[in-house]
Amino acid sequence: NSIIRSVLLKLKENSAIVIKDRINKKSFKEVMEFRKTGGYWLNALEKMPYKSTKIELIKFENSVEKDFCILLINSSLFYVYWSTYGNLRDFPLSLLEKFPFPQLEILNKNRVKIEKLRENISKCLLSSFIADTGRVGEFRTATCKNVINDIDQFLGEIYGLNKKEIEFIEKYDNHIRKS
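Structure report, in brief. Worth saying up front: this structure is predicted, and the values here are computed from it rather than measured.

Here we take up the state of the cysteines. Simply put, disulfide is the name for a covalent bond between the sulfur atoms of two cysteines. Summed over the entire model, instances satisfying the criterion amount to one disulfide. Each disulfide pairs two cysteine sulfurs, and for Cys-124 the partner residue is Cys-144, the sulfurs being separated by 2.2 Å. Around the S-S axis, the bridge from Cys-124 to Cys-144 shows a dihedral of about -105° and counts as left-handed. With Cys-124 in helix H6 (residues 111-128) and Cys-144 in the loop between strand E7 (138-139) and helix H7 (145-158), the pair connects residues that are 20 residues apart, well separated along the chain. For the pair shown, Cys-124 and Cys-144 are each scored as buried. With no disulfide of its own, Cys-69 has Cys-144 as its nearest cysteine by sulfur position, at a separation of 18 Å.

Moving on: the pattern of salt bridges. In the structure shown here, the tally under the stated rule is 13 salt bridges. Here Lys-66 ties to Glu-30 by a salt bridge, and the two come within 3.5 Å at their closest N and O atoms. Residue Lys-66 is located in helix H2 (residues 63-74), and its partner Glu-30 is located in strand E2 (residues 30-35); the two are separated by 36 residues in the primary sequence. Overall, Lys-66 belongs to the buried group, its relative accessible area being 3%. Measuring nitrogen to oxygen at the nearest pair gives 2.3 Å for the salt bridge that ties Glu-138 to Arg-140. Judged by relative accessible area, which is 35%, Arg-140 ranks as partly exposed. A single network of salt bridges, built from pairs that share partners, joins Glu-30, Glu-46, Lys-66, Asp-67 and Arg-118.

Attention shifts here to the packing of helix H1 (residues 2-13) against helix H3 (residues 76-85). As a packed pair, H1 and H3 sit with axes 11 Å apart at the nearest point and diverge in direction by 105°. With respect to H3, the element H1 is oriented roughly perpendicular. Listed contacts from H3 to Ile-4, Val-7, Leu-8 and Leu-11 of H1 are Leu-77, Val-80, Tyr-81, Thr-84 and Tyr-85. Looking at the contact of H1 with H3 residue by residue, the classes come out as eight nonpolar, one polar and no charged.

Rules and cut-offs
- Residues numbered from 1 in each chain as written.
- Predicted model: local features only at pLDDT ≥ 70, side-chain atom pairs only at ≥ 80, totals over all residues.
- Heavy atoms only, no water.
- Disulfide = S-S within 2.5 Å.
- Helix = DSSP H or I, 4+ residues; strand = E, 2+ residues; numbered from the N terminus.
- Buried < 20%, exposed > 50% of the residue type's maximum accessible area, 1.4 Å probe, protein only.
- Salt bridge = Lys/Arg side-chain N within 4 Å of Asp/Glu carboxyl O.
- Axes fitted to C-alpha atoms, helices over the stretch in contact; angles between N-to-C directions.
- Parallel < 35°, antiparallel > 145°, perpendicular 65-115°, else oblique.
- Contact = heavy atoms within 4.5 Å.
- Nonpolar A, V, L, I, M, F, W, Y, C, P; charged D, E, K, R; others polar.

Here is the structure:
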């Protein structure tokens with residue numbers, strides 16, 4: 001798809017580093033978790049509301065990078081990346097590590113917006129979590145689609161995406177990712 005190709009190229013053009021460059025050093029203290037398997041939605045939080053061997057923990061040097069990564073994993077932009085390069089089932093850390101990541105100065109300039117969006121998605125995901133469903137509970141992430149769209153608008157600005165590309169990302173797989 002030409003739009004997906006354009007988006008992926010812009011991600012690369014607007015980043016000098018990848019996530020692997022900024023995570024899991026011994027001295028890092030800021031943590032987040034994400035589920036290593038996916039479906040129509042990928043989820044990340046500072047702390048998942050359940051324990052599982054399918055949860056991966058990542059450490060960051062600072063909170064703005066951690067919060068940005070939480071936004072990223074929960075976004076439709078990342079879903080497009082994952083569905084392009086992944087198998088639509090597993091979500092290995094190695095795939096996340098290759099994602100283009102903005103410089104710290106850009107994140108710091110947008111710190112307030114990043115914190116607010118992270119608070120919004122965390123609150124929405126936790127309120128959509130149903131503990132007594134499935135083996136360990138499950139998120140009803142589709143109820144958070146409006147917050148995810150806000151995240152994608154913001155990520156579009158960070159990565160230099162145009163209106164058409166952002167709209168494509170927001171609507172990607174809408175036939176199965178209904179809100």
